[in-house]
Structures are given as C-alpha cells and as structure tokens.
Amino acid sequence: MTAFGDDLNRFVQFAERQTRDVFVHATEEVQRSVVEGSTLTGAPGQPVRTGALRASWIGEFLSETLWRLSTNMAYAEAIEDGGSERGRFNPARGAPRSEVGGYHSVAHTIAGWPRIVEFVTRPTQAAA
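Computed from a predicted structure; not experimentally measured.

(A) View of the pairing of strand β2 (residues 66–70). The alternating pattern of β2 places Trp67 and Leu69 on a buried face, while none of Leu66, Arg68 and Ser70, on the opposite face, is buried. Across five bridges, the pairing between strand β1 (residues 58–63) and β2 is antiparallel. Among the inter-strand pairings, Ser63 is bridged to a residue of β2, identified as Leu66.

Listed below in structure tokens is the structure:
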C-alpha cells in the first residue's frame, strides 16, 4: 500500500472511532437528561418517591448504530404526560409529589437534542 493509502486508512479508522465516541456520549447524555435531568435540555428528570421509576430506565445498544432507552413501568407515560392517565396535565394533581424531577423529561430531551449533539461534539468533550 502507498503512503497515501496508509494515511487514508488511518483517517478512516480515526473517523470511525470519533463517530462511535460521539454516539456513545450522546446516548449517555440522553439517559442522564431523561432520568436525572439536564441543564442542556431543561429536562427535570424523573420524580422520585420510591426510586422505582428512575431505576427502571434502561439504555441498550441494539446495534452499532441503534440505541433505545425504555422503561417497563406502567405509570411512566402518565408521569411524562403531566400526571394524567389520559395524557393531559391535570391541574388538580399539580406538580409531582417529589422534591426532585418532574414531568415531560422525554419531550424536553427530544427538543434539546441539538444541544446534546453540540455538547458531545465539542473538542474538549471528545478528549474527556
């Protein structure tokens, strides 16, 4: 192989590592935003009364380019939607009965995706 070919192969390997690192860091930030809350996205995180909902969120790599965050808690959707089983905010229920967390963490995280990407692609983040 030529020197140019060797350089090209090294660059391809570098780009693949960088892409994988950005993907992994992005999944970490998404999970942190939904579960714990994030100043990047404005997500409040999951309310904590018993800790069961917060602990139930599982991130899993389905392939090299596909990742899923999910929970099996039946009431997770009601918490996301504002405390109502019908998906509407119920003012009578008010804020979640928790000193941490709140409603709409998934929605805030989705809306904040561009900020997550910006954060995980900063040169200082890539070196961390």
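(B) Structural detail: the packing of helix α1 (residues 3–35) against helix α5 (residues 113–120). It is the contact of α1 with α5, at a shortest axis distance of 9 Å, that shows an interaxial angle of 130°. Regarding the angle of α1 to α5, the classification is oblique. Crossing angle aside, the handedness with which α1 passes α5 is right-handed. Two secondary-structure elements touch here, α1 through Val22, His25, Ala26, Glu29 and Val30 and α5 through Trp113, Ile116, Phe119 and Val120. Considered class by class, the residues forming the contact of α1 with α5 number seven nonpolar, one polar and one charged.

Reading guide: rules and limits
- Residues numbered from 1 in each chain as written.
- Predicted model: local features only at pLDDT ≥ 70, side-chain atom pairs only at ≥ 80, totals over all residues.
- Heavy atoms only, no water.
- Buried < 20%, exposed > 50% of the residue type's maximum accessible area, 1.4 Å probe, protein only.
- Helix = DSSP H or I, 4+ residues; strand = E, 2+ residues; numbered from the N terminus.
- Pairing = 2+ DSSP bridges.
- Axes fitted to C-alpha atoms, helices over the stretch in contact; angles between N-to-C directions.
- Parallel < 35°, antiparallel > 145°, perpendicular 65-115°, else oblique.
- Left-handed = near helix turned anticlockwise from the far one by under 90°.
- Contact = heavy atoms within 4.5 Å.
- Nonpolar A, V, L, I, M, F, W, Y, C, P; charged D, E, K, R; others polar.

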